[in-house]
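Per-entry structural report
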Amino acid sequence: VAGSAGAFAGWVTAGDMYFYKQGNSIPSIICKPDGHVAIGRPSLYGSLDVGDPFDTIGGYFAVSANTAATHVIHSEFEGVGNFDAVAVYGKSTPADYYGFGGMFEGGYTGVYGSVAQNGAGFYYGTGGRANGDGSGTKVGVSGEAIGYAGSKYGVKGAASGYSGPRYGVYGEATGDSN
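Residues numbered from 1 in each chain as written. Predicted model: local features only at pLDDT ≥ 70, side-chain atom pairs only at ≥ 80, totals over all residues. Heavy atoms only, no water.

**Some thoughts on the packing of aromatic side chains**
Enumeration according to the criterion identifies 5 aromatic pairs in this entry. For the ring pair Y18 and Y20, a centre distance of 6.4 Å and an interplane angle of 35 degrees mean the geometry is tilted. Taking 4.9 Å as the distance between ring centres and 50 degrees as the angle between the ring planes, the aromatic pair formed by Y167 and Y170 counts as tilted. By relative accessible area, which is 48% here, Y167 ends up partly exposed. (Phe/Tyr/Trp six-rings, centres within 6.5 Å; stacked < 30°, edge-to-face > 60°. Buried < 20%, exposed > 50% of the residue type's maximum accessible area, 1.4 Å probe, protein only.)

Here's what the structure looks like:
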């Protein structure tokens, strides 16, 4: 460390490297010899672990490239195998009946899912599931449209193609009493 700017140069071969905020005894950045980094957290749960118990935003990313190919955050699973790997996972369970695992806002579409079908099975662009043993109502997919003017559809579906059945909205109900 040199000068008032706090510059650092060098390498670590055996142990962790810690960076501290001035006057704080808890490290604000931890660098592991294997390249893993924790920012604002006392321990490491992934290659990059970011958070702060006193901030309302754990990480903020912004990009201003004006192109449809821009991804502010790009997450991609690169493994292979017959299992359902997750590229993006969100969890928020502060208490029963509270928390959103993800919140998205778009100028045209808030959430968009797509699948490039290669086989003959069922493929889903977007899905939802509500499960549990509680006595409350479970809704797999919910939609709501609100406004003063124009048409509103809580859930809208469309199907097109040249052969086979087409259903804009399709549902099934099973169980002892429907």
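Further notes follow.
**Topic: the pattern of salt bridges**
As enumerated under the stated definition, the model contains 2 salt bridges in all. Put simply, D16 and K32 hold a salt bridge, and the shortest N to O gap is 2.9 Å. Residue D16 is found in the segment before β1 (17–20), and its partner K32 is found in the loop between β2 (27–31) and β3 (37–39); the two are separated by 16 residues along the sequence. The exposure class of D16 is partly exposed, given its relative accessible area of 31%. Across the pair D49 and R41 runs a salt bridge whose closest N-O atoms are separated by 2.7 Å. For D49, a relative accessible area of 8% gives the class buried. (Salt bridge = Lys/Arg side-chain N within 4 Å of Asp/Glu carboxyl O. Helix = DSSP H or I, 4+ residues; strand = E, 2+ residues; numbered from the N terminus.)

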